[in-house]
Amino acid sequence: MKTIFPQLAASVRSAVDPFLAMDVMVAAEARAQEGKQVLHMEVGEPGHQAPQIVREAAKAAIDHDRISYTPALGLLSLRERISAHYQETYGAEVSREQIAITTGSSAGFILSFLSAFDIGARVGLAAPGYPAYRNVLKALGLVAVSIPVKAENRYVITADDLQAVHDLEPLDGVLIASPANPSGTMLLPDAFAGLIECCARNQIRFISDEIYHGIVYEGTARTALSHSSQSIIINSFSKYYCMTGWRIGWMVLPEDLVRPVERLAQSLYISAPYISQIAAVKAFDAVGELDAICLQYAANRAKLLKALPAIGFEGMHPADGAFYIYADAGRFTNDALGFSKSLLDNTGVAATPGVDFDPDHGQTMMRFSFAGDATTIDKAIDAMGRWLG
Ligand SMILES: Cc1ncc(COP(=O)(O)O)c(C=O)c1O
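The rules behind the values
- Residues numbered from 1 in each chain as written.
- Predicted model: local features only at pLDDT ≥ 70, side-chain atom pairs only at ≥ 80, totals over all residues.
- Heavy atoms only, no water.
- Helix = DSSP H or I, 4+ residues; strand = E, 2+ residues; numbered from the N terminus.
- Rg over C-alpha atoms; globule rule 2.2 N^0.38 Å.
- Buried < 20%, exposed > 50% of the residue type's maximum accessible area, 1.4 Å probe, protein only.
- Contact = heavy atoms within 4.5 Å.
- Areas by Shrake-Rupley, 256 points an atom, 1.4 Å probe, with all protein chains shown as cover.
- Lys, Arg positive; Asp, Glu negative; His and termini not counted.
- Charge placed at Lys NZ, Arg CZ, Asp CG, Glu CD.
- Axes fitted to C-alpha atoms, helices over the stretch in contact; angles between N-to-C directions.
- Parallel < 35°, antiparallel > 145°, perpendicular 65-115°, else oblique.
- Nonpolar A, V, L, I, M, F, W, Y, C, P; charged D, E, K, R; others polar.
- Salt bridge = Lys/Arg side-chain N within 4 Å of Asp/Glu carboxyl O.
- Near = heavy atom within 4 Å.
- Polar contact = N/O pair within 3.5 Å; in protein donor to acceptor, adjacent residues only side chain to side chain.
- Domains from an automatic or database assignment.
- Buried area = accessible area lost by both parts, 1.4 Å probe.
- Phe/Tyr/Trp six-rings, centres within 6.5 Å; stacked < 30°, edge-to-face > 60°.

1. What about the overall build of the chain?
- In terms of helices and strands, the chain carries 12 helices and 12 strands.
- Against the compact-globule benchmark of 21 Å for 389 residues, the chain has a radius of gyration of 21 Å, which places it among compact chains.
- For the chain, the C-alpha atoms occupy an extent of roughly 65 × 55 × 55 Å along the three principal directions.
- Across the 389 residues that make up the chain, the buried fraction comes to 53%.
- By sequence separation, contacts in the chain at least 24 residues apart represent 74% of the contacts at least 6 residues apart.
- Surface accessibility of the chain: about 17,300 Å² in total, with carbon and sulfur atoms responsible for 53%.
- Positive and negative side-chain charges in the chain, numbering 31 and 42 respectively, have mean positions lying 5 Å apart.

Here it is, written out as structure tokens:
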């Protein structure tokens with residue numbers, strides 16, 4: 001006889017908001033299954049596969065290596081290669097001992113939040129910003145503190161914004177991304193230095209999500225390490241290196257957090273996938289192939305910056321980097337979620353509603369990813385123009 005339990009509730013901590021970009025992707029897939037056209041602009045995912053030398057290294061590992069666990073902080077060969085990357089790219093001194101290999105930057109968020117903060121800690125985030133930050137913080141019993149940013153301020157948190165929020169009720173940490181998602185904007189060097197200086201003065205942990213480094217159209221992406229070696233850096237092979245499904249990323253940690261992160265990683269996921277680690281070592285040697293892909297993003301960006309205003313989208317800041325345009329669709333809607341559904345139904349264009357990035361003020365906003373191919377962008381512009389024009 002089987003025992004029947006009474007209905008048990010899911011945890012309160014699991015009641016985080018859905019990640020709407022992923023929900024739109026599922027709806028788009030359902031439409032594609034019906035044989036209808038889908039133009040993907042919802043998920044921030046390169047249309048290209050990983051570079052050739054990366055794939056060759058993975059194939060060789062499958063044929064010749066034992067696919068094993070690795071130390072929780074990752075293979076020494078990859079940690080060494082990342083350390084050299086900091087010297088080559090930023091002229092920054094980063095020892096291999098400070099580097100932790102993670103299962104994508106997504107694991108870096110969990111590890112940084114768990115290692116740096118206790119339950120109830122308050123972490124400042126730009127609104128709009130990447131939705132997983134606030135969802136993960138909430139699930140871990142931390143408080144996500146929204147700091148509103150605006151198009152006219154390049155969608156970045158300023159040192160004054162941060163100080164004002166901290167003065168109202170103290171913050172324990174702040175997380176920024178530059179280039180940012182969904183706006184693609186970057187902190188200018190002085191603003192970056194000012195923000196970190198403000199954090200140091202107020203004993204606020206600074207976490208820098210540098211996942212979009214390498215994909216830059218205007219200016220230069222700076223690592224927070226250029227301003228302070230005490231910052232926590234989170235990065236990934238998902239975007240510039242076109243390795244989303246390989247689930248591999250890294251962190252650069254201040255010395256005091258290396259062992260805590262190692263202990264947590266040992267128990268949370270043991271190690272990042274061996275094959276992905278072996279392959280990722282080669283990613284740094286594929287710059288020619290990867291930069292050519294960035295040129296395609298640049299061409300897509302230029303097309304959209306011209307076409308979206310002509311269709312009627314407004315208030316966008318030209319992305320400095322990443323592959324998104326965050327545009328005001330206020331002429332068409334004040335219900336971004338409903339608009340994204342109608343857009344998909346009527347045009348096949350899958351795009352992400354602004355409420356994913358800013359639940360309080362994103363009701364008229366839409367995010368368009370231009371990481372796909374030129375044909376997708378052309379067809380999407382044409383279809384939206386006909387439907388909205
Ligand atoms: C700003 C930002 N950080 C992190 C991630 C997650 O990336 P990963 O594949 O490295 O977990 C994304 C994905 O879209 C992102 O936009």
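The discussion continues.
2. What to know about the packing of helix α10 (residues 287-311) against helix α12 (residues 374-388)
- At a minimum axis separation of 10 Å, α10 and α12 run at an interaxial angle of 0°. When the axis of α10 is compared with that of α12, the two are roughly parallel. Within the contact between the two elements, α10 uses N300, K303, L304, A307, L308 and I311 and α12 uses A374, I377, D378, I381, M384, G385 and L388.
- Partitioned by chemical class, the residues of the contact of α10 with α12 number nine nonpolar, two polar and two charged.

3. Quick look at the pattern of salt bridges
- Evaluation of the coordinates by the stated rule reveals 14 salt bridges.
- The closest approach of N and O atoms between R96 and E97, which form a salt bridge, is 3.2 Å.
- Given a relative accessible area of 30%, R96 falls into the partly exposed group.
- Two residues, R122 and E169, come together in a salt bridge whose shortest N-O distance is 3.6 Å. Within this pair, whereas R122 is found in strand β3 (residues 122-127), its partner E169 is found in the loop between α6 (159-168) and β5 (173-177), the two being separated by 47 residues in sequence.
- What makes R122 buried here is its relative accessible area of 15%.
- One network of salt bridges, in which partners are shared, links E80, R96 and E97.

4. Observations concerning the site of the ligand
- By nearness alone, 14 residues border the ligand, and S106, Y212, S236, S238 and K239 come closest of all.
- Between an oxygen atom of the ligand and a side-chain N or O atom of S106, the distance comes to 2.5 Å.
- At 2.6 Å from an oxygen atom of the ligand is found a side-chain nitrogen or oxygen belonging to S236.
- Calculation on the ligand without its partners gives an accessible area of 400 Å², and the protein chains cover 93% of this total.

5. A closer look at the domain arrangement of the chain
- Partitioning the chain into domains gives domain 1 (12-49 + 288-388) and domain 2 (64-285).
- Placing the centre of domain 1 and that of domain 2 at their C-alpha centroids yields a distance of 25 Å.
- On the side of domain 2, 33 residues touch domain 1, which itself brings 35 residues to the contact.
- Summed over both partners, the interface of domain 1 with domain 2 comes to about 3,000 Å²; 57% of that surface belongs to carbon and sulfur atoms.
- In terms of surface lost to domain 2, no three residues of domain 1 exceed L290, H317 and D320, which account for 22% of the buried area on that side.
- Scanning the region where domain 1 abuts domain 2 turns up three salt bridges.
- Residue E218 is joined to R301 by a salt bridge in which the shortest nitrogen-to-oxygen separation is 3.9 Å.
- Our enumeration of links across domain 1 and domain 2 arrives at 18 residue pairs in polar contact (both at pLDDT 80 or more).
- No other element matches the seven residues that α10 contributes to the side of domain 1 that touches domain 2.
- Tallied by class, the residues present in the side of domain 1 that touches domain 2 amount to 20 nonpolar, six polar and nine charged.

6. Focus: the packing of aromatic side chains
- Summed over all chains, the structure comprises 25 aromatic pairs.
- Relative to Y133, the ring of F109 lies with its centre 5.1 Å away and its plane at 90°, an arrangement referred to as edge-to-face. Here Y133 lies in helix α5 (residues 131-139) and F109 lies in helix α4 (residues 104-116), a separation of 24 residues in the sequence. Judged on exposure class, the residue F109 and its partner Y133 are both buried.
- Aromatic pair F313 and F339: ring centres 6.5 Å apart, planes at 75°, arrangement edge-to-face. With F313 in the loop between α10 and β9 (324-328) and F339 in helix α11 (residues 336-347), this pair connects stretches of sequence that are 26 residues apart.
- F313 sits in the buried class, given a relative accessible area of 1%.
- Site record: aromatic cluster; members linked through ring pairs are F19, F109, F113, Y130 and Y133.

7. What to know about unusual backbone geometry
- Cis peptide bonds are those with omega within 30 degrees of zero, and the linkage from S178 to P179 qualifies with 0°.
- Within the element layout of this structure, P179 appears in the loop between β5 and α7 (189-202).
- Put simply, N181 and P182 share a cis peptide bond, and its omega is 15°.
- Structurally, the position occupied by P182 is in the loop between β5 and α7.
- Even without being glycine, R154 reaches a positive phi, approximately 65°.
- Along the chain, R154 turns up in the loop between β4 (143-148) and α6.
- Of note in this structure, C242 is not a glycine but carries a positive phi near 60°.
- Locating C242 in the fold gives a position in the loop between β7 (232-236) and β8 (249-252).

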